[in-house]
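Remarks on the overall topology
Spelled out from the first residue to the last, the chains are:
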Amino acid sequence: QVQLVESGGGLVQAGGSLRLSCAASGRTFSSYAMAWFRQAPGKEREFVAGISWTGGTTKYAGSVKGRFTISRDNAKNTVYLQMNNMKPEDAAVYYCAAERGAYGGADSRPVESYYWGQGTRVTVSS
């Protein structure tokens, strides 16, 4: 198992940028494929971005591709989500997730396949 703590959320103007961080503890960070999900009020949790355990492969939801970048620093046990050109539709609670099984790729997996952080809230003003 692994513990995940997100940080970096807050208020940003549309068109601005924000970087989220997720610090991991417990098992070795490099053992896990990682992902970011987000959830807005009244909506299902949705996949945003994923990264393989080596960091060599990434995957993005179509709504964020070209604007968001996921990366990881295994030496620091940290995964990041750089969010540029923020849109009001990006407002949500963002969750860091670690894949629980042997899968090591960047693709989205069912929500029950992950360990979850507690989330960090992102608000976007027009």
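Overview of the structure. (Residues numbered from 1 in each chain as written. Predicted model: local features only at pLDDT ≥ 70, side-chain atom pairs only at ≥ 80, totals over all residues. Heavy atoms only, no water.)

1. As for the nonpolar core
The line we're drawing: Throughout, nonpolar core names a set of buried Ala, Val, Leu, Ile, Met, Phe, Trp, Tyr and Cys residues whose side chains join them through atoms within 4.5 Å. Each residue is placed in one exposure class: buried if its accessible area under a 1.4 Å probe, protein chains only, is under 20% of its type's maximum, exposed if it is over 50%, and partly exposed if it falls in between. Starting at the N terminus, helices and strands are each numbered in turn, a helix being any DSSP run of H or I of at least four residues and a strand any DSSP run of E of at least two. Residue contacts are defined here by distance: any two heavy atoms, one from each residue, within 4.5 Å place the two residues in contact.
Formed by 29 residues in total, the largest nonpolar core has its most connected members in Met34, Trp36, Val79, Leu81, Met83 and Tyr94. Those elements that provide at least two residues to this core are β1 (2-7), β3 (18-26), β4 (34-39), β5 (46-51), β7 (68-73), β8 (78-83), β9 (92-99) and β11 (120-125). If we ignore the near neighbours within four places in the chain, the residues touching methionine 34 are Leu4, Cys22, Phe29, Ala49, Gly50, Ile51, Ile70, Arg72, Val79, Cys96, Ala97 and Ala98. The next biggest cluster of nonpolar side chains, apart from the first, holds 5 residues, and it includes Ala35, Phe37, Ala97 and Tyr114.

2. A few points about unusual backbone geometry
Positive phi, close to 55°, is recorded for asparagine 77, a residue that is not glycine. Within the element layout of this structure, asparagine 77 appears in the loop between β7 and β8. Judged by relative accessible area, which is 28%, asparagine 77 ranks as partly exposed. Positive phi is not limited to glycine here, since asparagine 85 has a value of about 50°. Inspection of the secondary structure puts asparagine 85 in the loop between β8 and β9. Note on asparagine 85: relative accessible area 42%, which makes it partly exposed.

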